[in-house]
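Here are the chains, one letter per residue:
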Amino acid sequence: MLQEGAHGKWTVSSSDESTEEVSDNEKPSTSSLSHAAQGKTSAPQYSCSEARKAAHKRKASPLKFIDKGFPTEVRPAEKQRPGQEGSGWCLSSSDEEPEDQEKQVHKVTVKEEKNNAPKEHPPDFHQNNKLTGNQKAEEWCGAPSEEQDTWDLLNGGNPFRFFLTKVRGIEQSYNSGALHIKDILSPLFGTLVSSAQFNYCIDVEWLVRQYPQEFRKKPLLIVHGEKRESKAELLAQARPYENINFCQAKLDIAFGTHHTKMMLLLYEEGLRVVIHTSNLISEDWHQKTQGIWISPLYPRLPQGATGSAGESETNFKSDLISYLAAYNSPTLKEWIDNIQEHDFSETRVYLLGSTPGRYQGIDKEKWGHLRLRKLLREGASLVAARESWPVVGQFSSIGSMGADESKWLCSEFQDSLLAAGTSGTSLLKCAVPIHLVYPTVDNVRQSLEGYPAGGSLPYSIQTAQKQLWLHSYFHKWSAEVSGRSHAMPHIKTYMRPSPDFQKIAWFLVTSANLSKAAWGALEKNGTQLMIRSYELGVLFLPSAFGLDKGYFHVKGKLHSESKDPVTSFPVPYDLPPEQYGSKDRPWIWNIPYTDAPDTHGNMWVPS
């Protein structure tokens, strides 16, 4: 339907209406589109969000940009709706009046290409973007890294065990130290006995191909949150594979999702845990910035070891068992037993999860942002609190924050981010800057994928227009430090840097976006925490790495052989973040952008 307001006109589907609290990426599509007639665009066979489907459609049938210096009426056959001209919208936190909406806007011709038509690329990106489909992308990323390189990555000078995914189209040196899913599932990591994959969006056929040939028939458990039609479609995908079983995560609170991304890999030699930010689909491992934490190889405990054996100083083992137990699923009992039988004592990170429910008393601090608050109070240095260090949040989607910052962001959530030491913080919160990193329209337009990259940044116009105040906190995506400025982020990170951004008091990589559904919201005068979704991340605290100063140094260029101390943390994007300029707008997925072409010469008209 066509909507009009203070920020111009836009066209959206009525099915895209946002709920109050749920991050837009967390509202799954309840059914995948069926295959169209032969020769027409077909939707992906896996269930995904409406934003992802729009990106898939635009990749398959691009809308070529034609210079508006030669205005041409849109052909009737294309049926472009009113309000789809121009840059889509203009949101500002100021009170200035929008530009004159009566001004005549040049029309553009929308040319919908056939799926097999060659794409045009600007010179700067021509060499790096020749792939036209997922299979070709897979050919590039699909071969595991050189054996010695991969072995060195796992066992060399990376005490944090934090990695980025490989990105097609960037300078190759920036992929040194990065991993593809085929690297993670490589026999170099262990001789696989069985595995469990926890995820949100899953392409079963693609996933099976990521395993080495010799492991493809090993037992595989897929833990998901699909219901009804999308569940049936997921199970249908797996019908050809007798070794695949499923565990459906219970989602009893409306609009919750199973957003956790984790691999449990049982080997003949031991057990490994991988916590990451990528969906199990080709696009997420191709040209996006994603994060991965890979555990050490956990050896099997001697027979007869006690229940508390093999625990780490961070209590990672018991916390992981508690997280799996929260699913209340007999299917996961086998994996809980596997974890019990292995030695996790080398783990240096803290597990931070969210599970759906309403929690009171001591249970309130087990999950979500109150779990982060507890960990920071117990393990973070007071130096950050004393010196008013800022906080940074970086994410790929945003839920409804309420009418102003006092409703959640700068009240309960900020209280958790600012916790430090046993007494918490007594500083005035207004003295602590909050930097929120989220891509601009130009970040997306100039990205390796072009506008379709915005399919994994599903902030909707319905949510955005209700919280213009939030955009004054926004900062651009820039990642020269990792060569990934043009690889749009699907990674989610939170940290507490020093005022000069040379140190960080802690760092969190997680599946949790900026939403109450993911982090939880207090109810009943603060006596109850309500969480809608499953999320999982790992927290890095200096004390767990033997650093008594209370901070990590921030590493310089990630791929360089710099003289940074081995304990310098590899923050994957540029610090300090750069605030939005007056003309910058946050990427909104469900409105059109037709004023300027992307790196493939295309426009964005999502419907």
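Rules of the game
- Residues numbered from 1 in each chain as written.
- Predicted model: local features only at pLDDT ≥ 70, side-chain atom pairs only at ≥ 80, totals over all residues.
- Heavy atoms only, no water.
- Pairing = 2+ DSSP bridges.
- Helix = DSSP H or I, 4+ residues; strand = E, 2+ residues; numbered from the N terminus.
- Axes fitted to C-alpha atoms, helices over the stretch in contact; angles between N-to-C directions.
- UniProt positions renumbered as here; feature names shortened; annotations may be inferred.
- Buried < 20%, exposed > 50% of the residue type's maximum accessible area, 1.4 Å probe, protein only.
- Contact = heavy atoms within 4.5 Å.
- Polar contact = N/O pair within 3.5 Å; in protein donor to acceptor, adjacent residues only side chain to side chain.
- Nonpolar A, V, L, I, M, F, W, Y, C, P; charged D, E, K, R; others polar.
- Lys, Arg positive; Asp, Glu negative; His and termini not counted.
- Salt bridge = Lys/Arg side-chain N within 4 Å of Asp/Glu carboxyl O.
- Phe/Tyr/Trp six-rings, centres within 6.5 Å; stacked < 30°, edge-to-face > 60°.
- Right-handed = clockwise from strand over helix to strand, strands pointing away.

Asks: Summarise the sheet that holds strand β22 (residues 528–531); cite the residues concerned and give the values.
Replies: Taken together, the three strands give an open sheet; going across it, the order is β14-β22-β21, and neighbouring strands pair in antiparallel fashion. The open sheet has two free edges, formed respectively by β14 (357–360) and β21 (521–523), since each of these has just one partner strand. Across this sheet, the average inter-strand angle for adjacent strands is 30°, counted without regard to direction. Bridge count between β14 and β22: four bridges; the pairing is antiparallel. Residue G357 lies in a different strand from β22, and its bridge partner there is I531.

Asks: Explain the UniProt feature "binding site: substrate" (unreviewed entry) in the protein chain to me, using residue names and the numbers behind them.
Replies: Under the feature "binding site: substrate" (unreviewed entry), the UniProt entry names K261 and K492. Taken together, the annotated residues stretch across 232 residues yet fold into one region, lying no more than 11.8 Å apart by C-alpha. Structurally, the position occupied by K261 is in the loop between β8 (244–248) and β9 (262–267). Residue K261 is classed as buried on the basis of its relative accessible area, which comes to 0%. Excluding residues that lie within four positions of it along the chain, K261 makes contacts with F198, N199, Y200, V274, I275, H276, T277, S278, N279 and H490. Reaching out from K261, the side chain makes a polar contact with the backbone oxygen of H259 at a distance of 2.8 Å. Relative to the assigned elements, K492 resides in strand β19 (residues 492–497). At a separation of 2.6 Å, a polar atom in the side chain of K492 contacts the main-chain carbonyl oxygen of H490.

Asks: Please give an account of the packing of helix α10 (residues 368–379) against helix α12 (residues 409–417) that cites residues and values.
Replies: For the pair α10 and α12, interaxial distance at closest approach is 7 Å and the crossing angle is 35°. Along the contact surface, α10 presents H369, L370, L372, R373 and L376, while α12 presents E412, F413, D415, S416 and L417. In terms of residue class, the contact of α10 with α12 is made up of five nonpolar, two polar and three charged.

Asks: Could you give me a rundown of the environment of P489, with the residues and numbers involved?
Replies: With respect to the secondary-structure elements, P489 resides in strand β18 (residues 488–489). As a C-alpha pair, P489 and T289 span 200 residues in sequence and 4.5 Å in three-dimensional space.

Asks: How would you summarise the side chain of R161 if you had to cite specific residues and measurements?
Replies: If you trace the backbone, R161 turns up in the loop between α4 (147–155) and β5 (162–164). For the buried R161, no salt bridge is present, and the opposite-charge side chain at shortest range is E346, 8.4 Å distant. In terms of polar contacts, R161 uses its side chain to reach the backbone carbonyl oxygen of I294, at 2.8 Å. Looking at R161, its side chain comes within polar contact range of the main-chain oxygen of S295, at 3.2 Å.

Asks: Which residues make up the packing of aromatic side chains, and what values go with them?
Replies: Tallied over the full model, the rule gives 35 aromatic pairs. Measuring from ring centre to ring centre gives 6.5 Å for W389 and Y551, while their planes differ by 45°; the resulting arrangement is tilted. Residue W389 is found in the loop between α11 (383–386) and β15 (391–394), and its partner Y551 is found in the loop between β23 (535–540) and β24 (552–553); the two are separated by 162 residues along the sequence. Judged by relative accessible area, which is 2%, W389 ranks as buried.

Asks: Tell me what's going on with the sheet that holds β8, and back it up with residues and numbers.
Replies: The seven strands are arranged β5-β12-β10-β9-β6-β7-β8 in an open sheet whose pairing can be described as mixed. Both outer strands of the open sheet, β5 and β8, are each paired with one neighbouring strand and no more. Across the sheet, the mean angle from the axis of one strand to that of its neighbour is 20°, orientation sign disregarded. Strand direction decides the pairing type here: β5 and strand β12 (residues 291–294), joined by three bridges, are antiparallel. Considered in β12, the bridge of F162 is made with W293. Strands β6 (192–198), β9, β10 (271–276) and β12 of the sheet are contacted by helix α8 (residues 316–325), whose axis makes an angle of about 115° with β9.

Asks: I'd like a description of unusual backbone geometry, backed by residues and values.
Replies: Put simply, L575 and P576 share a cis peptide bond, and its omega is -5°. Inspection of the secondary structure assignment puts P576 in the loop between β24 and β25 (602–603). Its identity is not glycine, yet R228 carries a phi of approximately 50°, on the positive side. Non-glycine residue N315 carries a positive phi angle of around 60°.

Asks: Please give an account of the pairing of strand β7 (residues 220–224) that cites residues and values.
Replies: Among the five residues in β7, five count as buried, and that is most of the element. Side chains of β7 alternate between two faces, with L220, I222 and H224 and L221 and V223 buried alike. Taken together, the four bridges between β6 and β7 define a ladder with parallel strand orientation. From the neighbouring strand, F198 faces β7, where its bridge partner is V223. Of the crossover connections in this fold, the one passing from β6 over helix α6 (residues 204–210) to the parallel β7 is right-handed.

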